[in-house]
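# Structural description and commentary
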Amino acid sequence: MPEKIDYDSKIPNNVSLADDRRLQRALEGWQPKFMNWWAEMGPTLETHGVYLRTAVSVGRDGWAHFDHVNVPDYRWGIFLAERDPDRTIAFGEHKGEPAWQQVPGEYRADLQRLIVIQGDTEPASVEQQKLLGLSAPSLYDLRNLFQVNVEEGRHLWAMVYLLHAYFGREGREEAEGLLHRNSGSPDTPRILGAFNEETADWLAFYMFTYFTDRDGKYQLGTLKESAFDPLSRTCEFMLKEEAHHMFVGTTGVDRVVQRSAELIREHDTMDIAAHGGIPLDLIQKYINFHYTVSLDLFGSETSTNAANYYTAGLKGRWMEPRRKDDHQLTDDSAELRRPREDGTWETDELQKILLLNLDLRGEYIADCQTGVKRWNRILEDAGISFRLALPHPGFNRQVGINSGHHITPDGTIVDEQTWQDGQKHWLPSSEDFAFVRSLMHPVYERGKIASWVAPPRQGINGKPFDYEYVYL
Ligand SMILES: [Fe+2]
Ligand SMILES: [Fe+2]
């Protein structure tokens, strides 16, 4: 059974790596390069053990084991969800055929591209978060940062395994490229824009894990539907790990809002900056920024690439099997709202299959709303009338039909001057970033926490908040 993970090999895996000596050797050749990358580009803060979870099985229950681990000794490995031998393709022109165990020649280039783009985001986020350990608000948060980082490293392994196992020499070259490109590098940047922005402070980290990791969840969800079964199984297991990353984001923002609300009540003012808190309008600006750069990750609203991937069976829709249509979408249509030069909005009717990026983005936006609701409930419970909100999806966009237009958070199309004047109210300014940074002092004492964030309701794996999550 693939469920059991072999931890005796150099590379932990549940893909019977020992039976394929060539592949094993190739991956063992990549392993030290990964370790060099981790040492150079991974977390800067040195520790003497972090309370981490490690996958020990891919089944439903008890898949993870928790213990203090010396981070460079973390067992990064290759874990695929269990194979369903009867799995058939759920959509596109191959609908109903058995899922592919090998890559069909005609789709090789497209599949490789999809895997490389996904793979590129995983180490990128580790690079973006490199310095955060130096200013962690608590040992609990520090532990979560390391957990997210080691798992993004493992997600890189997941994609590198596919490249090595199924894409020959080109795949191996792409695997090297995943370590060669670096976030924010002027010459060899990461492929997608949002992954070249530094995650400069902990509020940004919570926003990133809420909004940008959630984009990852939706991308993985579409790849989980792929006809290429090894990709599908890899993504299914990655999604399991990814859930914790979004938990870090959701509860992280919860705790910032909670703390700000406490300070507002205590000092009877919205201007809590002087009291060591983050004002709510600044939290809103961070939401505006992280949400909109994450929307850009969904690509153009209309996409023939996405349509072709769908028809070929490479990439499905979110929850494809639950969709109540023919799963081929050749005759269906859907609506698209687009900004016009005269400052009004028009609605176009287009073939649904051309709007798959928009479809996925819609699912994502609905999911993002749940967090905003939670955060507003915290404000409501504190008797504060301020409300957080997601800006209009046309706001601050660099990709798709809204890029090149100036659209306010409430969806009004405005001229250049109005946009320039409004920006400081809508997006964090350099002064805002400097202020948030000024709050970021490390708190490494057990059970203590920084001024600007509330402690979590619960610790990790049943441990209390004041547990020694990290040995320093
Ligand atoms: Fe990931
Ligand atoms: Fe993640």
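Residues numbered from 1 in each chain as written. Chains lettered and ligands numbered in written order. Predicted model: local features only at pLDDT ≥ 70, side-chain atom pairs only at ≥ 80, totals over all residues.

Taking an unreviewed UniProt entry as the reference, the chain is identified by name as Benzoyl-CoA 2,3-epoxidase subunit BoxB belonging to Amycolatopsis acidiphila.

Attention shifts here to the overall build of the chain. Scanning the chain from N- to C-terminus turns up 11 helices and 6 strands. For the chain, the C-alpha radius of gyration of 23 Å lies close to 23 Å, the compact-globule estimate for 472 residues. Taken over the C-alpha atoms alone, the chain extends approximately 65 × 60 × 40 Å along its principal axes. Counting across all 472 residues of the chain, residues that qualify as buried make up 44%. The long-range share in the chain, meaning contacts at least 24 apart out of those at least 6 apart in sequence, stands at 69%. (Helix = DSSP H or I, 4+ residues; strand = E, 2+ residues; numbered from the N terminus. Rg over C-alpha atoms; globule rule 2.2 N^0.38 Å. Buried ≥ 20, exposed ≤ 12 C-beta atoms within 10 Å, placed from the backbone. Contact = placed C-beta atoms within 7 Å.)

Moving on, we get to the nonpolar core. One finds Val160, Leu203, Met207, Val256 and Ile283 to be the most contacted residues of the largest nonpolar core, which totals 112 residues. Broken down by element, this core gets its largest block of residues, 16 residues, from helix H3 (residues 139-166). Every residue in contact with Met207, bar those within four places of it in the chain, is listed here: Val253, Tyr286, Ile287 and His290. (Core = buried A, V, L, I, M, F, W, Y, C linked by C-beta atoms within 7 Å.)

Here we take up unusual backbone geometry. Most peptide bonds are trans, and most residues other than glycine sit at a negative phi. A positive phi is found at His327, a non-glycine position, where the angle reads about 60°. Here His327 lies in the loop between helix H8 (304-312) and strand E3 (333-339). Under the C-beta neighbour-count criterion, His327 is labelled partly exposed, with 18 such atoms within 10 Å. At Leu329, a residue that is not glycine, the phi angle is positive and equals roughly 60°. Position of Leu329 among the secondary structure elements: in the loop between H8 and E3.

Helix H4 (residues 168-180) packs onto helix H1 (residues 21-41) with a crossing angle of 10° between their chain directions and a minimal axis gap of 10 Å. Between H1 and H4, the crossing angle belongs to the class labelled roughly parallel. Touching Ala26, Trp30, Lys33, Phe34 and Trp37 of H1 are Arg172, Ala175 and Leu179, all from H4. Of the residues contributing to the contact of H1 with H4, the split by class is 6 nonpolar, no polar and 2 charged. (Axes fitted to C-alpha atoms, helices over the stretch in contact; angles between N-to-C directions. Parallel < 35°, antiparallel > 145°, perpendicular 65-115°, else oblique. Nonpolar A, V, L, I, M, F, W, Y, C, P; charged D, E, K, R; others polar.)

Below, the discussion takes up the environment of Asp229. Locating Asp229 in the fold gives a position in helix H6 (residues 229-267). As for Asp229 and Asp410, which are separated by 181 residues in sequence, their C-alpha atoms are 42 Å apart. If we ignore the near neighbours within four places in the chain, the residues touching Asp229 are Arg83, Arg87, Ala99, Trp100 and Gln101.

If you check helix H2 (residues 108-128), its first and last C-alpha atoms are 31 Å apart, about what 21 residues at 1.5 Å a residue would give, namely 30 Å. Burial within H2 is extensive, with 15 of its 21 residues counted as buried. (Expected span 1.5 Å × (residues − 1).)

Before going further, it helps to examine the pairing of strand E4 (residues 345-351). Sheet analysis places E3 next to E4, joined by 7 bridges and oriented antiparallel. Residue pairing across strands places Arg338 opposite Glu346, the latter belonging to E4. As consecutive antiparallel partners, E3 and E4 are separated by 5 residues, and within that stretch Gly343 has a phi angle of approximately 85°, a positive value. (Pairing = 2+ DSSP bridges.)

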